[in-house]
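These are the residues of each chain, in order.
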Amino acid sequence: MTVSWEPRWRLQVYSTEDDRVGHRSAAQALVERAREDGLAGATVWRASEGIGRSGTLRTSRFPDTARGLPLVVEIVDRAERVTAFLAVVAELAPHALTTIEPVQLARRQAGRPPLDDALPRS
């Protein structure tokens with residue numbers, strides 16, 4: 001199998017379930033906007049535990065006190081598209097921690113089925 005490597009950028013926006021844009025979570029608003037803007041994709045990761053600048057522990061270990069678990073919205077696309085999306089992040093999640101880093105996107109040779117398509121269906 002031939003693999004080609006393409007330079008891309010990964011944008012990560014760290015927030016919590018409590019961060020809101022109107023009636024929606026900030027993470028949901030970012031994913032919807034990424035879709036509208038035609039970005040390659042967006043994923044929301046929900047953490048089981050974390051702390052932010054307040055130092056408050058947010059955890060799912062204690063269900064009675066669980067509130068606003070940490071979320072990370074991750075987007076990978078070309079540098080210019082990720083950079084342009086920063087204005088959207090500033091608008092929808094102005095207090096969220098945001099990071100950008102270069103990544104390498106692995107592309108396999110066209111014409112071969114994705115790995116999960118090769119697995120037997122149950």
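Quick look at the structure, then. (Residues numbered from 1 in each chain as written. Predicted model: local features only at pLDDT ≥ 70, side-chain atom pairs only at ≥ 80, totals over all residues. Heavy atoms only, no water.)

### Quick notes on the pairing of strand E7 (residues 70-77)
Burial runs high along E7: 7 of the 8 residues are buried. Where strand E1 (residues 3-16) lies against E7, 8 bridges are found, and the strand directions are antiparallel. The residue bridging tryptophan 9 from the neighbouring strand is aspartate 77, located in E7. Where strand E4 (residues 42-46) meets E7, 5 bridges bridge the pair, whose relative direction is antiparallel. (Buried < 20%, exposed > 50% of the residue type's maximum accessible area, 1.4 Å probe, protein only. Helix = DSSP H or I, 4+ residues; strand = E, 2+ residues; numbered from the N terminus. Pairing = 2+ DSSP bridges.)

### A closer look at the environment of alanine 79
Looking at the secondary structure, you find alanine 79 in helix H2 (residues 79-92). The class for alanine 79 is partly exposed, based on a relative accessible area of 28%. Distance from alanine 79 to arginine 10, taken between C-alpha atoms, is 8.5 Å for residues 69 residues apart in sequence.

### With respect to the layout of surface pockets
Here the largest pocket is characterised by a volume of approximately 500 Å³. Looking at the largest pocket, it is lined by 21 residues, and the ones nearest its centre are Tyr14, Ser15, Thr16, Asp19 and Gly52. Residue assignment for the lining of the largest pocket shows that the elements contributing at least two residues are E1, strand E5 (49-51) and E7. (1 Å grid on protein atoms, 1.4 Å probe; cavity = no way out; pocket = protein on both sides within 12 Å on 5 of 7 lines; lining within 4 Å. Points joined across faces, edges and corners; volume = space filled by probe spheres on them.)

### Remarks on the pattern of salt bridges
Think of it this way: side chains of opposite charge can pair up when their charged atoms draw near. Following the criterion strictly, the structure yields 9 salt bridges and no others. Among the charged side chains, a salt-bridge network with shared partners connects Glu6, Arg8 and Arg107. (Salt bridge = Lys/Arg side-chain N within 4 Å of Asp/Glu carboxyl O.)

### Digging into the packing of helix H1 (residues 26-36) against H2
In contact at an axis separation of 10 Å, H1 and H2 are set at 150 degrees when each is read in the N-to-C sense. Considering their axes alone, H1 and H2 lie roughly antiparallel with respect to each other. H1 and H2 meet at a crossing whose hand is right-handed. Across the interface between the two elements, Ala26, Ala29, Leu30, Arg33 and Ala34 from H1 touch Phe85, Val88, Val89, Glu91 and Leu92 from H2. Grouping the amino acids of the contact of H1 with H2 by side-chain chemistry returns 8 nonpolar, no polar and 2 charged. (Axes fitted to C-alpha atoms, helices over the stretch in contact; angles between N-to-C directions. Parallel < 35°, antiparallel > 145°, perpendicular 65-115°, else oblique. Left-handed = near helix turned anticlockwise from the far one by under 90°. Contact = heavy atoms within 4.5 Å. Nonpolar A, V, L, I, M, F, W, Y, C, P; charged D, E, K, R; others polar.)

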